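For reference, the chains in residue letters:
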Amino acid sequence: MHKLLKDSPGEKIMLLGNEAIARGAVEAGVAFATTYPGTPSSEVSLNLFQMSRESDLYFEYSTNEKVALEVAAAAANSGLRTFCMMKHVGLNVAADPLMTLAYIGVTAGMVILTADDPAMFSSQNEQDNRYYAKFGHFPMFEPSCVAEAKDMIKAAFELSETLKQPVILRTTTRINHSNAFVTFGDIKARQTKGRFERDPMRCVTVPAVARELHVKLLARMDKAAGISESSEFNFITGQGVWGVVANGVSYHYALDAVKDLGIESKVKILRPGFSNPLPKNKIKDFLAGCEKVLVIEEGEPFMEEAVKAFAQEAGLAIPILGKTDMLFTPLGEFHPAMVREKIATFFGIDYTPAPKIDTSDVPEIANRPPNLCSGCSHRATFYAIKKAAQGMDVIHPSDIGCYTLGFMPPLSIGDFVVCMGGSVSTSCGFSKATDQKVVSVVGDSTFFHSGITGLVNAVFNRHNFTLVILENGITAMTGHQPHPGVDMDLMGMPGYGRVDIENLVKSLGVEHVSVIKPFKVKNSIETLKEAMAFDGVSVVIAKEPCILWAKSIKLKKPRAFEVTDKCKDHKDCINEIACPSFYIEAGRVKIDADTCVGCALCAQICPENAIRPLKK
Amino acid sequence: MKPLRMIIVAVGGQGNLLASKVLGEAALIEGVEVRMSEIHGMAQRGGVVESAIIFGDASSSIISDGEADILLGFEPAETLRAIGRCSANTRVITNTATLPPFTVAIGKGNYPEVNEIKQILKEKTAGLVAIDAMALARKAGSPMSVNIVLLGALIQTGALGFSKENVKEAIKRRIKPALVEMNLKAFDLGFEAAAAGTV
């Protein structure tokens, strides 16, 4: 039985933040869950996916976040407790249904998880999604630790049902990817089949209806504001005339700092965990007892601006600071020493940080950037694209996935990366705005996510570029999740449909469609050249399973290659494809037999044919 | 318990997340509070993987530069790269078996001599235990047990204050039954090597 399905209240277990969130949803009786995977949210959905295979919980990997939210919205309006989860930028994709779902509301509890990524450990921006709660009028919870995340999602479902409004649970990477002990609670029974009751005056958002709904939405948020005032998640610890307002992980850094600085008797901390609407009266009362107040929050000055406005309403002129040159930055993530130092600065505490180790004489160490895996088919495809486009003035729009790493030399495929699906649509723009050749790359999961619409646009507007779809049969970057093109039988999960990319692309009206096997290097280069010579939109589908995935399901058995004595040290293998299995020993190129999987890309480009299968 | 802050640095695939989980389980057995933080995602495509583990009476789950009490490094250059996480009071335990970054492997980037790495770590911190965990892991039965060899060395130093028995119990709880025996051997080899000084 999946460890998060165990009906063992009181059991103490170490969980990843994302596991705790999944368990909290199960304890809340969630019956319906949808997602598009994205770090740092991915393990929440992975665990729900696994649990759905051994319970009556419905779970789906939807095509993108907009689809996931719409699927979830219907379930939550059919009386089922519904959970929709995504990373922060995913909520941008889902923003269209989000903003109007606020008007419609729900008939059963619905929680939307946004997993923000301050410091961009694996994201293209560090946007602060708390603004979506304010923007769209959603109640919002923000946990400060793993155990609280589990409690909050349960409270979020209850609140959603009380208000008939979806609730946002906003986490940051340091909650999602922290481990701590969590105590299991009772599991509420799931209601897995619902019924939709027609209610056009609530559910059909034509202008006349929506105008009424907007009024009701504001009334619901007034009610939420009242609940926020007495929420157990909005609490004050300590006492004194120095005030700190801190949310999320910053609250814990502040707690530790106050203790480390020995100012427990002087500082009180307000921790807003139900942070939209903020508890206005509680904050005003808090401020009234303070000489000065420091607001500690990663990201934008979301609370700071609100707290300042509340102080103005209360006629308080005390100093309230947060994001200033001397104190906190909107950049990156905070850490304990930073918060300790800023608290000391703001309240005028004498504090000397412990002396740092002198690292000026530490020798330089070469960096260890992430790289495409040994045997990754993207490397072969990128090599072929480069060869096919040799001598041309080319732009390579790329997209979000493992293959984004191809932008680094020596492959250097990736000139413009903005968002999921952006490779296709930016190709449209580049091909019209310039006379440069445009050859773009997109992963299969990303193509389904939001590349298709760009391709339809390209066909209709008669753009001129070559799109290479990297069909590796899985959503690789986030940990091998399914997508609509995946053969689910290979996953041991029959009963799914499958969308064939080649047929799909042809049906969209793309006139030049070809398929390559990227490890057949010569053929791939020739096919790419033909596609690039075509005047109009051409698509090349590079078909080869993700090597990590293929190894894990025993689809591919590694067979290492070696560099034989025929090697004349051209080093084309190292200089042109940079596979991490290569190393140099005593001036000679070698292949690490432990990591080489035998893709034979290097063997095909070696001018001396010196790379051969390793003799057993 | 007074807070004790530990950083583990490794190269993706070396098993530092499992090592962290074993220590977390050991903390539960010891009755010590623990919080851990790790970095997933892009970092795992051959990059550096770092875990922070905070034992005892603190609330944060990450560790600032200069504030680690223990640095456990799975690869010598990565241990040295993380020296900014240490203070003069930090205890350092490192593997001496190298995994050169790709640029170094192909003769382009700089990789300090292991002896130089050891010398710097020894001079600047409160103590260094350096063992060839890869050789010991192979001796135990699998190169995959480097992580548990290093846990053995860590426990021998006493820096963490956990008992050998409790950590072994944690290994039994956290590692697949088929691999427990090999990993217990790996743990003992690491423990003995640390006791004998550097290998």
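An unreviewed UniProt entry annotates chain B as Indolepyruvate oxidoreductase subunit beta originating from Desulfobacter latus.

If you look chain A up in an unreviewed UniProt entry, it shows as Indolepyruvate oxidoreductase subunit IorA from Desulfobacter latus. Under the Catalytic activity (unreviewed entry) heading, UniProt states for chain A: "indole-3-pyruvate + 2 oxidized [2Fe-2S]-[ferredoxin] + CoA = (indol-3-yl)acetyl-CoA + 2 reduced [2Fe-2S]-[ferredoxin] + CO2 + H(+)". As recorded by UniProt, the Subunit (unreviewed entry) comment attached to chain A reads in full: "Heterodimer of the IorA and IorB subunits."

Our focus in this paragraph is the overall build of chain A. The secondary structure content of chain A amounts to 22 helices and 23 strands. Relative to its length of 616 residues, chain A is compact, with a C-alpha radius of gyration of 27 Å against a globular reference of 25 Å. Counting only C-alpha atoms and orienting by the principal axes, one finds that chain A spans roughly 80 × 70 × 55 Å. Looking at chain A as a whole, 58% of its 616 residues qualify as buried. Across chain A, the fraction of contacts at a sequence separation of at least 24, relative to all contacts at a separation of at least 6, is 79%.

It is worth spelling out the domain arrangement of chain A at this point. Interfaces are frequently sized by the accessible area removed from exposure as the parts join. Residues and elements named next belong to chain A. Split by domain assignment, chain A resolves into domain 1 (3-229), domain 2 (234-347), domain 3 (377-552) and domain 4 (561-613). Relative placement of domain 1 and domain 2: their C-alpha centres are 27 Å apart. Listed as interface residues are 30 residues of domain 1 and, on the opposing side, 30 residues of domain 2. Interface area for domain 1 against domain 2, summed over the two sides, is near 2,300 Å², with a carbon-plus-sulfur share of 48%. Seen at the junction of domain 1 and domain 2, the total is 3 salt bridges. Where Glu148 meets Arg271, a salt bridge forms, and the shortest distance between an N and an O atom there is 2.7 Å. The tally of links between domain 1 and domain 2 comes to 23 residue pairs in polar contact (both at pLDDT 80 or more). Of all the elements in the fold, those that place two or more residues in the side of domain 1 that touches domain 2 are α6 (130-136), β6 (140-141), α7 (146-163), β7 (167-172), α8 (173-176) and α10 (207-229). At 6 residues, the largest contribution of residues to the side of domain 1 that touches domain 2 is made by α10.

What follows deals with the packing of helix α1 (residues 16-30) of chain B against helix α6 (residues 146-157) of chain B. Residues and elements named next belong to chain B. Running from amino to carboxyl end, α1 crosses α6 at an angle of 40 degrees, the nearest separation of the two axes being 9 Å. On the basis of their axis angle, the class for α1 and α6 is oblique. Two packed elements cross with a definite hand, and for α1 against α6 that hand is right-handed. Contacts from Leu18, Ala19, Val22 and Leu23 in α1 reach Asn147, Ile148, Leu151 and Leu154 in α6. When grouped by side-chain class, the residues that make up the contact of α1 with α6 number 7 nonpolar, 1 polar and no charged.

This paragraph deals with the packing of aromatic side chains. Residues and elements named next belong to chain A. Going through the model one piece at a time under the given rule, you end up with 17 aromatic pairs over all chains. Ring plane angle 45 degrees and centroid distance 5.7 Å describe the contact between Phe49 and Phe59, whose orientation is recorded as tilted. Here the residue Phe49 occupies a position in helix α2 (residues 42-52), and Phe59 occupies one in strand β3 (residues 58-61), the gap between them amounting to 10 residues. Classification of Phe49 as buried rests on a relative accessible area of 7%. By relative accessible area, Phe59 is classed as buried at 5%.

Next up on the list: the pattern of salt bridges. Oppositely charged side chains can pair when the atoms bearing their charge come close. Under the defined criterion, the tally for this structure stands at 42 salt bridges over all chains. The salt bridge involving A:Lys154 is made with A:Glu27; its shortest N-O contact spans 2.8 Å. Of this pair, A:Lys154 sits in helix α7 while A:Glu27 is found in helix α1 (residues 17-27), placing the two residues 127 residues apart along the sequence. Its relative accessible area of 2% is what places A:Glu27 among the buried residues. Of the charged contacts in the structure, one is a salt bridge between B:Glu25 and B:Arg174, with a shortest N-O distance of 3.1 Å. Of this pair, B:Glu25 sits in helix α1 while B:Arg174 sits in helix α7 (residues 164-174); the two residues are 149 residues apart in sequence, bridging distant segments of the chain. A residue is classified by how much of its surface remains accessible, and B:Glu25, at 9% relative accessible area, is buried. Salt bridges linked by common partners bring A:Asp116, A:Asp128, A:Arg130, A:Glu142, A:Arg170 and A:Glu297 together as one network.

Before going further, it helps to examine the interface of chain A and chain B. Between chain A and chain B, the contact holds 54 residues from the first and 54 residues from the second. For the pair chain A and chain B, the summed buried area comes to about 4,600 Å², and 57% of that belongs to carbon and sulfur atoms. For the chain A face of the interface with chain B, the top three residues by lost area are A:Ile357, A:Ile365 and A:Arg368, together amounting to 18%. Note that B:Lys124 is salt-bridged to A:Asp361, the shortest N-O span being 2.9 Å. Across the chain A-chain B interface, the total number found is 23 residue pairs in polar contact (both at pLDDT 80 or more). Contributions of two or more residues to the side of chain A that touches chain B are made by β1 (12-16), β8 (178-183), α11 (248-260), α14 (336-347), α21 (572-577) and β21 (582-585) of chain A. When residues of the side of chain A that touches chain B are assigned to their parent elements, the largest contribution, 5 residues, is made by α11(A). Here the side of chain A that touches chain B is built from residues that sort into 31 nonpolar, 11 polar and 12 charged. One ladder, built from 3 bridges, connects β8(A) with strand β2 (residues 34-38) of chain B; its direction is antiparallel. Residue A:Ser178 lies in a different strand from β2(B), and its bridge partner there is B:Ser37.

With that settled, consider the environment of A:Leu321. In this structure, A:Leu321 sits in strand β14 (residues 320-321). Owing to a relative accessible area of 31%, A:Leu321 belongs among the partly exposed residues under this scheme.

This next bit is on the nonpolar core. Residue and element names in this part refer to chain A. Counting 117 residues, the largest nonpolar core has Leu48, Phe83, Ile296 and Ile343 as its most contacted members. The leading source of residues in this core is α7, at 8 residues. Not counting the four nearest positions on each side in its chain, Ile296 is found in contact with Val244, Val245, Ala246, Asn247, Ser250, Ala254, Met303, Phe328, Phe334, Val339 and Ile343. Core analysis: the next-biggest nonpolar cluster, separate from the first, contains 74 residues, Ala458, Val539, Ala600 and Ile611 among them.

This part is about the sheet that holds β2(B). Overall, mixed pairing links the 8 strands, which are arranged β1(A)-β8(A)-β2(B)-β3(B)-β1(B)-β4(B)-β5(B)-β6(B) in an open sheet. Whereas interior strands pair on both sides, the edge strands pair on one side only; in this sheet they are β1 of chain A together with β6 (127-131) of chain B. Neighbour-to-neighbour, the strand axes of the sheet open up by a mean angle of 20 degrees, direction not taken into account. Pairing between strand β5 (residues 86-95) of chain B and β6(B): 5 bridges, direction parallel. Residue pairing in the sheet places B:Ile93 in a bridge with B:Val129 of β6(B). Strand contacts of α1(B): β1 and β8 of chain A together with β1 (4-11), β2 and β3 (48-55) of chain B, with the helix running at about 10 degrees to β3(B), the strand carrying the most contacts.

About the thresholds
Residues numbered from 1 in each chain as written. Chains lettered and ligands numbered in written order. Predicted model: local features only at pLDDT ≥ 70, side-chain atom pairs only at ≥ 80, totals over all residues. Heavy atoms only, no water. UniProt positions renumbered as here; feature names shortened; annotations may be inferred. Helix = DSSP H or I, 4+ residues; strand = E, 2+ residues; numbered from the N terminus. Rg over C-alpha atoms; globule rule 2.2 N^0.38 Å. Buried < 20%, exposed > 50% of the residue type's maximum accessible area, 1.4 Å probe, protein only. Contact = heavy atoms within 4.5 Å. Domains from an automatic or database assignment. Buried area = accessible area lost by both parts, 1.4 Å probe. Salt bridge = Lys/Arg side-chain N within 4 Å of Asp/Glu carboxyl O. Polar contact = N/O pair within 3.5 Å; in protein donor to acceptor, adjacent residues only side chain to side chain. Axes fitted to C-alpha atoms, helices over the stretch in contact; angles between N-to-C directions. Parallel < 35°, antiparallel > 145°, perpendicular 65-115°, else oblique. Left-handed = near helix turned anticlockwise from the far one by under 90°. Nonpolar A, V, L, I, M, F, W, Y, C, P; charged D, E, K, R; others polar. Phe/Tyr/Trp six-rings, centres within 6.5 Å; stacked < 30°, edge-to-face > 60°. Pairing = 2+ DSSP bridges. Core = buried A, V, L, I, M, F, W, Y, C linked by side-chain atoms within 4.5 Å.

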